[in-house]
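Residue-level listing of the chains:
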Amino acid sequence: DGGITQSPKYLFRKEGQNVTLSCEQNLNHDAMYWYRQDPGQGLRLIYYSQIVNDFQKGDIAEGYSVSREKKESFPLTVTSAQKNPTAFYLCASKIQGGPGELFFGEGSRLTVL
Amino acid sequence: GESVGLHLPTLSVQEGDNSIINCAYSNSASDYFIWYKQESGKGPQFIIDIRSNMDKRQGQRVTVLLNKTVKHLSLQIAATQPGDSAVYFCADFTGGGNKLTFGTGTQLKVEL
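Since the structure is predicted, the reported quantities are computational estimates derived from the model, not experimental observations.

### Brief notes about the overall build of chain B
And then number 1: Per the secondary structure count, chain B includes 0 helices and 11 strands.
And then number 2: Projecting the C-alpha coordinates of chain B onto the three principal axes gives extents of approximately 40 × 30 × 20 Å.
And then number 3: In chain B, 52% of the contacts between residues at least 6 apart in sequence involve partners at least 24 apart.
And then number 4: Accessible surface, chain B as shown: approximately 5,400 Å² in total, 46% of it carbon and sulfur.
And then number 5: Distance between charge centroids for chain B: 4 Å, based on 10 positive and 10 negative side chains.

### Side note on the state of the cysteines
And then number 1: Tallying each qualifying case throughout the model produces 2 disulfides over all chains.
And then number 2: Disulfide partner of cysteine 23 of chain A: cysteine 91 of chain A, at an S-S distance of 1.9 Å. A torsion of -75° about the S-S bond marks the disulfide between cysteine 23 of chain A and cysteine 91 of chain A as left-handed. Taken together, the residues span a long stretch of sequence, with cysteine 23 of chain A in strand β3 (residues 19-25) and cysteine 91 of chain A in strand β9 (residues 87-94) at a distance of 68 residues. The two residues cysteine 23 of chain A and cysteine 91 of chain A agree in class, both being buried.
And then number 3: Paired through a disulfide, cysteine 23 of chain B and cysteine 90 of chain B show a sulfur-sulfur distance of 1.8 Å. Judged by the sign of its S-S torsion, about 50°, the bond between cysteine 23 of chain B and cysteine 90 of chain B is right-handed. Here cysteine 23 of chain B, found in strand β3 (residues 19-25), pairs with cysteine 90 of chain B, found in strand β9 (residues 86-94); they are 67 residues apart in sequence, far enough to count as distant.

### Some words on the layout of surface pockets
And then number 1: Looking at the largest pocket, its volume works out to about 410 Å³.
And then number 2: Considering the residues around the largest pocket, the lining is formed by 22 residues, among which Gln37, Gly40 and Gln41 of chain A together with Gln38 and Val87 of chain B are closest to the centre.
And then number 3: The leading source of residues in the lining of the largest pocket is β9 of chain B, at 3 residues.
And then number 4: Residues belonging to the lining of the largest pocket are distributed by class as follows: 8 nonpolar, 10 polar and 4 charged.
And then number 5: Each pocket or cavity is described by its volume, and for the second largest pocket that value is around 170 Å³.
And then number 6: Taken together, 13 residues make up the lining of the second largest pocket; nearest its centre are Phe104 of chain A together with Gly43, Pro44, Gln45 and Phe46 of chain B.
And then number 7: Those elements giving two or more residues to the lining of the second largest pocket turn out to be β10 (103-104) of chain A together with β5 (45-51) of chain B.

### Topic: the pairing of strand β8 (residues 72-77) of chain B
All names here are of chain B.
And then number 1: Relative to β8, β3 runs antiparallel, the two sharing 6 bridges. Among the inter-strand pairings, isoleucine 20 is bridged to a residue of β8, identified as glutamine 76.
And then number 2: Between the end of strand β7 (residues 62-67) and the start of β8, which pair antiparallel, lie 4 residues, with lysine 71 showing a positive phi angle near 55°.

### A word on the sheet that holds strand β8 (residues 76-78) of chain A
Residues and elements named next belong to chain A.
And then number 1: The sheet built from 4 strands is open, its strands ordered β1-β3-β8-β7 with antiparallel pairing. In the strand order of this sheet, the two ends are held by β1 (4-7) and β7 (64-66), each with one partner. Sheet twist, expressed as the mean angle between neighbouring strand axes with direction ignored, is 20°.
And then number 2: For β1 and β3, the ladder comprises 4 bridges, and the chain directions are antiparallel. Directly across from serine 7, in β3, lies its bridge partner serine 22.

Procedures and definitions
Residues numbered from 1 in each chain as written. Chains lettered and ligands numbered in written order. Predicted model: local features only at pLDDT ≥ 70, side-chain atom pairs only at ≥ 80, totals over all residues. Heavy atoms only, no water. Helix = DSSP H or I, 4+ residues; strand = E, 2+ residues; numbered from the N terminus. Contact = heavy atoms within 4.5 Å. Areas by Shrake-Rupley, 256 points an atom, 1.4 Å probe, with all protein chains shown as cover. Lys, Arg positive; Asp, Glu negative; His and termini not counted. Charge placed at Lys NZ, Arg CZ, Asp CG, Glu CD. Disulfide = S-S within 2.5 Å. Buried < 20%, exposed > 50% of the residue type's maximum accessible area, 1.4 Å probe, protein only. 1 Å grid on protein atoms, 1.4 Å probe; cavity = no way out; pocket = protein on both sides within 12 Å on 5 of 7 lines; lining within 4 Å. Points joined across faces, edges and corners; volume = space filled by probe spheres on them. Nonpolar A, V, L, I, M, F, W, Y, C, P; charged D, E, K, R; others polar. Pairing = 2+ DSSP bridges. Axes fitted to C-alpha atoms, helices over the stretch in contact; angles between N-to-C directions.

Below you can see the structure in the form of structure tokens.
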């Protein structure tokens with residue numbers, strides 16, 4: 001079945017460690033996105049990529065890094081520079097070319113101890 | 001700055017009643033809006049969308065209304081069911097259609 005797969009679903013890390021969250025899609029979508037969601041709040045855009053080997057900062061990119069070496073993959077690294085990394089992270093994708101539905105993964109919940 | 005926001009954080013309705021979830025937006029350049037449903041611990045699911053050249057769009061048990069004059073969007077759910085309990089987000093596209101900006105969300109609680 002086509003879709004977006006995020007892993008791991010739950011992740012615990014010690015403060016100061018870098019963490020990489022995986023996002024893979026087999027929908028043949030060009031654009032991919034990472035959002036952060038804090039309890040009781042909406043989604044905030046971290047990074048997005050419209051095409052392979054290109055990505056742009058979203059509204060809260062500080063302390064995060066991404067890569068887009070393959071169309072299917074858009075991993076997110078939460079670095080030690082991110083001051084409050086505990087959150088629910090959502091990856092999404094869509095067909096490129098203007099407005100359209102974003103398809104979301106099931107999310108990764110990161111807890112920093 | 002530009003933002004998409006919701007009027008009420010929590011809405012409680014009786015099973016079988018109709019639900020109306022409201023959303024105000026401030027970006028007059030927004031031309032495409034989406035409603036998402038998010039169940040606890042899961043990713044958002046697409047419900048319905050509407051373009052700015054439309055005032056109303058209907059889906060299965062859901063209707064979205066767009067009032068561009070007052071920059072207001074609403075989601076109506078007919079005959080609300082327990083399975084409709086979730087957080088509902090409105091979102092709009094900015095930046096040439098490549099950035100989706102989300103509102104804060106409304107928690108819908110369906111009482112039996």
